Amino acid sequence: MPDQDQGWPLAEPYKTKMIEWIDLLPPAAREDAIRRAGYNPFKLLAQEVYIDLLTDSGTSAMSQEQWGALMRGDESYAGSISFQDLQASVRDVLGFPLVLPTHQGRAAEHVLFRALVKEGDLVPNNLHFDTTKAHVLNRGAEPVDLVVSEGEDPEGDFPFKGNVDLSRLETLLRDAGARVPLVMVTVTSNQNGGQPVSLENLRGVRALATRYQKPLFLDAARFAENAYLIQQREAGQASRSVAEIAREMMSLADGCTMSAKKDPMVNIGGFVALRSEDLYRSVRDFGILYEGYATYGGLAGRDLAALAQGLRESVMQRHLAYRTAQVAELHSALRAMGVPVMSPVGGHGVYIDAGRMLPHIPQGSFPGWALSIELYRERGIRGVEIGTVMAGRNQTTGDHDYPALDLVRLAIPRRVYSQAHLSQVAEACRRILARRDSIPGYRFTFEPPTLRHFAAEFEPL
Ligand code: F0G
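Please read all numbers here as calculations on a predicted model, not as lab measurements.

Regarding the overall build of the protein
Phase 1: Within the protein, the regular secondary structure consists of 17 helices and 14 strands.
Phase 2: Relative to the 2.2 N^0.38 estimate, which gives 23 Å for 461 residues, the radius of gyration of the protein is 22 Å and therefore close to what a compact globule would have.
Phase 3: In terms of overall dimensions, the protein has C-alpha extents of about 60 × 55 × 45 Å along its principal axes.
Phase 4: Of all 461 residues assigned to the protein, the portion counted as buried reaches 57%.
Phase 5: Excluding contacts between residues fewer than 6 apart, the proportion of contacts in the protein whose partners are at least 24 apart in sequence is 72%.

See the structure below:
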């Protein structure tokens, strides 16, 4: 089944029913706006941004079916019909019998880790997302990243750069198994470009987890994109449906944490899904303490209803075929014009290697940050630096904790921007590339002690 007709331009598989105007401020007004924001795109006002690619989280457009479900949301405090609908959806799409709603993904991590992780533990993952890492640390435990070495190479075309290095996982479980409360795998792996994990690799992780008697959890925020990339890239998977592949991925795990703001396309929401009644009971007690009663978990009934429907839509073939093709087209357009991008393309965005795009800016003058400012100055586009500024300072030396790469992520919200919008993004990158030698680095004028990228202020050098 070809996902897109060969030879025809890519087109959205839906039409627009409700619109929101967006404005491109004139160049001088953009200049003013970014200066007022202390050269920090996080401090721009939404109406000052033309194309907002800061994140694909909570920014997707809901379908008419989701809006319809939202109107039927049942706001009963306990035992809500919308909760039952979510339960049915989680059973159908993911195959887990038990679900505990939470207000978003990090809350799911919080309540799960409260129940399972204790001081001195080691938590393996392919690559921890920031909040997952923070919640492991918050329990006094240590996050251990075990992604395959290909996953650290921004260029090679290895198709599953999210894979776990099974021999390193085995060594950890063999040598320090007593300190490992659970194994986690992030699908897709956000930290290195939205890279998928293969089914074969997940089966390998499952086998090790079983051998060492550890529960396996998926950080499932982008599980549907992962399943689609398995269908497209893994030998023997092309004839299976995405829904079937997604269920097999989940069948290998004991549970998952979900940020439903990504693939399930809601503006707020998350959950922990589980198989074990015992574990459910202990996670539920923390859920009630921190989130809300077990059948709403910090969400309105209407949020649960929209989520139940969004989860069903997340594994639709035509949705994923278009979504991933849209991201891939931006990736190839940038690559063709010589913009260094992380390859192969992942599921939810394009990651530009700003260190290589702006080689005249030393890492200490923040090339990724500089590129994110130029995107705004050029065309009102907001991306996010994933580089030296975000990495923060080394606790012992006090110097910047230099990451291997200074990246800018252009995350594409689902069902929001058209191909024409993304052509504007590509054209902006082309113009920036043409004048790159004149682009300045930045220095702090205000540097907060933690999570500095959110509140810092800068000046151009
Ligand atoms: N796991 C992954 C892989 C994520 O990408 C995120 C959020 C979370 C967990 C936490 O979920 O935001 O609902 O609490 N990622 C967002 C992003 C913020 O922009 O990539 P949350």
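Observations concerning the sheet that holds strand S11 (residues 384–386)
Phase 1: As summarised here, the arrangement of the three strands in space is S9-S12-S11, forming an open sheet in which the pairing is antiparallel. Looking at which strands have only one partner, the edges of the open sheet turn out to be strand S9 (349–353) and S11. Ignoring which end each strand starts from, the neighbouring axes of this sheet average 30° apart.
Phase 2: Sheet topology places S11 next to strand S12 (residues 407–411); three bridges connect them, and they run antiparallel. Bridging across to S12, Ile386 finds its partner in Leu407.
Phase 3: Helix H14 (residues 367–379) rests against S9, S11 and S12 of the sheet, and its axis sits at about 40° to S12.

What to know about helix H11 (residues 301–314)
Phase 1: With 14 residues, H11 extends 20 Å from end C-alpha to end C-alpha; this agrees with the ideal 20 Å at 1.5 Å per step.
Phase 2: When you tally the buried positions in H11, you get eleven out of 14 residues, the bulk of the element.

A few points about the packing of aromatic side chains
Phase 1: Counted by the stated rule, this structure contains nine aromatic pairs.
Phase 2: An aromatic cluster is defined as three or more aromatic residues linked by ring pairs; in this entry it consists of Phe366, Trp369, Phe444 and Phe458.

Side note on the site of the ligand
Phase 1: Around the ligand there are 16 residues in total, and Thr55, Arg106, Ser259, Lys262 and Arg409 lie nearest to it.
Phase 2: Taking Arg222, its side chain carries an N or O atom lying 2.9 Å from an oxygen atom of the ligand.
Phase 3: In this structure, Ser259 approaches the ligand through a side-chain N or O atom, which is 2.7 Å from an oxygen atom.
Phase 4: Expressed as a share of its isolated accessible area of 470 Å², the protein-covered part of the ligand is 92%.
Phase 5: Here the shell around the ligand gets three residues from one element, more than from any other, and that element is helix H4 (residues 105–116).
Phase 6: Class assignment of the residues belonging to the shell around the ligand gives a composition of one nonpolar, eight polar and seven charged.

Observations regarding the domain arrangement of the protein
Phase 1: On domain assignment, one finds that the protein holds domain 1 (4–56 + 316–460) and domain 2 (64–313).
Phase 2: For domain 1 and domain 2, the distance between their C-alpha centres works out to 27 Å.
Phase 3: Carbon and sulfur atoms make up 49% of the surface buried where domain 1 meets domain 2, a total of about 2,200 Å² over both sides.
Phase 4: Ranking the residues of domain 1 by area buried against domain 2 places Leu320, Pro344 and Arg414 at the top, with a combined share of 23%.
Phase 5: In this assembly, domain 1 and domain 2 are joined by six salt bridges.
Phase 6: With a closest N to O distance of 3.1 Å, Arg414 and Glu225 form a salt bridge.
Phase 7: Where domain 1 packs against domain 2, one counts 18 residue pairs in polar contact (both at pLDDT 80 or more).
Phase 8: In terms of residue count, helix H12 (residues 317–336) provides more of the side of domain 1 that touches domain 2 than any other element does, six residues in total.
Phase 9: The class makeup of the residues in the side of domain 1 that touches domain 2 is ten nonpolar, seven polar and seven charged.

Regarding the side chain of His135
Phase 1: Within the secondary structure layout, His135 lies in helix H5 (residues 130–138).
Phase 2: The residues contacting His135, other than those within four sequence positions of it, are Arg106, Glu109, His110 and Phe113.

Some words on the pattern of salt bridges
Phase 1: Using the criterion set out here, one finds 34 salt bridges in the structure.
Phase 2: Residue Glu277 is joined to Arg281 by a salt bridge in which the shortest nitrogen-to-oxygen separation is 4.0 Å. Taken together, the residues span about one helical turn, with Glu277 and Arg281 both in helix H10 (residues 277–290) at a distance of four residues.
Phase 3: Residue class for Glu277 comes out partly exposed when judged on its relative accessible area of 43%.
Phase 4: When its relative accessible area of 40% is taken as the criterion, Arg281 is described as partly exposed.
Phase 5: Arg284 is the salt-bridge partner of Asp285, the closest N and O atoms lying 3.9 Å from each other.
Phase 6: What you see here is one network of salt bridges that share partners, running through Asp56, Arg222, Glu225, Asp263, Arg323 and Arg414.

Rules used throughout
- What you see as residue numbers is a count from 1 along each chain, following the sequence as written.
- Confidence filtering applies because this is a predicted model: local features only for residues at pLDDT of at least 70, side-chain atom pairs given and counted only at 80 or more, and all residues used for totals across whole chains, interfaces and linings.
- Side-chain descriptors were evaluated using all non-hydrogen atoms of the structure, hydrogens and water having been removed beforehand.
- To qualify as a helix, a DSSP run of H or I must reach at least 4 residues; to qualify as a strand, a run of E must reach at least 2; elements of each kind are numbered from the N terminus.
- For the radius of gyration, the atoms used are the C-alpha atoms, and the globule rule reads 2.2 Å times the number of residues raised to 0.38.
- Buried means the residue's accessible area, taken with a 1.4 Å probe over protein chains only, is under 20% of the maximum for its type, while exposed means over 50%, and partly exposed covers the values in between.
- The contact rule is simple, with two residues in contact once any of their heavy atoms fall within 4.5 Å.
- Pairing between two strands requires that DSSP report at least two bridges joining them.
- Every axis in this analysis is a line fitted to C-alpha atoms, fitted for helices over the stretch in contact. Angles between the N-to-C directions lie between 0 and 180 degrees.
- A helix is expected to reach a length of 1.5 Å times the quantity of its residues less one.
- Note on aromatic contacts: the rings of Phe and Tyr and the six-membered ring of Trp form a pair at centre separations within 6.5 Å, being stacked when their planes are under 30 degrees apart, edge-to-face when over 60 apart, and tilted otherwise.
- Proximity is defined per residue: any heavy atom of the residue falling within 4 Å of a molecule or strand makes that residue near it.
- Polar contacts, as used here, are pairs of N or O atoms within 3.5 Å; protein pairs need one atom able to donate a hydrogen and one able to accept it. Residues neighboring in sequence count only if both atoms are side-chain atoms.
- Surface exposure here means Shrake-Rupley accessible area, sampled with a 1.4 Å probe, where a residue is shielded only by the protein chains that are shown.
- Classification used: nonpolar for Ala, Val, Leu, Ile, Met, Phe, Trp, Tyr, Cys and Pro, charged for Asp, Glu, Lys and Arg, polar for all others including Gly.
- Note that the domain bounds were set by an automatic or database domain assignment.
- Summed over both partners, the accessible surface that disappears when two parts come together, traced with a 1.4 Å probe, is what is meant by buried area.
- Within this document, salt bridges are pairs made up of a side-chain nitrogen of Lys or Arg and a carboxyl oxygen of Asp or Glu, the two lying within 4 Å of each other.

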